[in-house]
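Structure at a glance
Each chain, letter by letter, is given below.
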Amino acid sequence: MTGKTIQKKVYLLLKEEYPVVYWRQTLFQNMARPRALFIFWLACHCRLATKDRLHKFGLTVDVHCCFCHRVETINHLFFGCDELKVIWQRVLRWLQIDHIPKEWNDELRWITRLSKGKGWRAQLLKSAAAETIYYLWNYRNDVCFGNRVHNTKIEEEIINTIVYRGWRSPKLREHIAQLLI
Ligand SMILES: [Zn+2]
């Protein structure tokens, strides 16, 4: 085998192992916190331990959503479930984006499409998406395990985190300041 053939084989193997995913743009230069990016990345891969998946793995769990008694799938949680949908909608409204969230598969495509720009809103949107998924997943865990009952201003926590992370960028600072007025 020539060097070139080997190179090609390795390339094809890697490509199979790590297929190019359409949503990779959403993670590129995303200023969300690493732990938020990790949860977001799991959500993009549909690898969060939602109840339908645990059930598929043979674990006897109650498959119902802890907010509304529909079956908990990733598509239901983000954002078929009204409880979590309104929180994401409020974060988007803060970004001056008027949008009715759809279920995760469609929503991730929408987020990806809007993340492609180089402008400040695209920058803020993708970090908002990652932080929102992180906060909502924690909120869901708290409610499922009986640690929290009420939705206590989660969107404020999400927005504060985005402001805090974005403020370090001189380019974003003036836009964030405008959004805060
Ligand atoms: Zn629900």
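Reference entry: report on the structure contained in this document. The model shown is predicted, which means the values in this text are computed figures rather than measured ones. (Residues numbered from 1 in each chain as written. Predicted model: local features only at pLDDT ≥ 70, side-chain atom pairs only at ≥ 80, totals over all residues. Heavy atoms only, no water.)

1. Re unusual backbone geometry
Here the residue pair phenylalanine 78 and phenylalanine 79 is connected by a cis peptide bond, since its omega of -5 degrees sits within 30 degrees of zero. Inspection of the secondary structure assignment puts phenylalanine 79 in helix H4 (residues 74–80). We note that glutamine 29 has phi near 50 degrees; this positive angle belongs to a residue other than glycine. Tracing the sequence through the fold places glutamine 29 in the loop between helix H1 (3–17) and helix H2 (34–44). Given a relative accessible area of 56%, glutamine 29 falls into the exposed group. (Helix = DSSP H or I, 4+ residues; strand = E, 2+ residues; numbered from the N terminus. Buried < 20%, exposed > 50% of the residue type's maximum accessible area, 1.4 Å probe, protein only.)

2. Digging into the coordination of the zinc ion
Summarising the metal site, the zinc ion is bound by the protein donors Cys65 (SG), Cys68 (SG), His76 (NE2) and Cys81 (SG), whose distances to it range over 2.1 to 2.4 Å. Classification of the site at the zinc ion as tetrahedral follows from its 4 donor atoms and the range of 93 to 120 degrees in their angles at the metal. In terms of primary sequence, the donors binding the zinc ion are separated according to C-x2-C-x7-H-x4-C. A single burial state applies to histidine 76 and to cysteine 81, both of which are buried. (Donors = N, O, S within 2.8 Å, 3.2 Å for Na, K, Ca; no water. Tetrahedral: all angles 85-135°; square planar, octahedral: opposite > 155°, others 65-115°.)

3. Some details on the packing of aromatic side chains
Taken as a whole, this structure holds 8 aromatic pairs when the rule is applied. Ring geometry for phenylalanine 38 versus tryptophan 41: centroids 6.1 Å apart, planes at 25 degrees, classification stacked. Taken together, the residues phenylalanine 38 and tryptophan 41, both in helix H2 and 3 residues apart, mark about one turn of the helix. The class for phenylalanine 38 is partly exposed, based on a relative accessible area of 47%. Measuring from ring centre to ring centre gives 5.8 Å for phenylalanine 79 and tryptophan 88, while their planes differ by 15 degrees; the resulting arrangement is stacked. As far as the burial class goes, phenylalanine 79 and tryptophan 88 line up, both buried. Three or more aromatic residues link up through ring pairs in this structure, and these residues are Phe40, Phe78, Phe79, Trp88 and Trp104. Taking NZ or CZ as reference, arginine 109 lies 4.2 Å from the ring centre of tyrosine 22, over its face. (Phe/Tyr/Trp six-rings, centres within 6.5 Å; stacked < 30°, edge-to-face > 60°. Lys NZ or Arg CZ within 6 Å of the ring centre and 35° of its normal.)

This is a description of form; function is not addressed.
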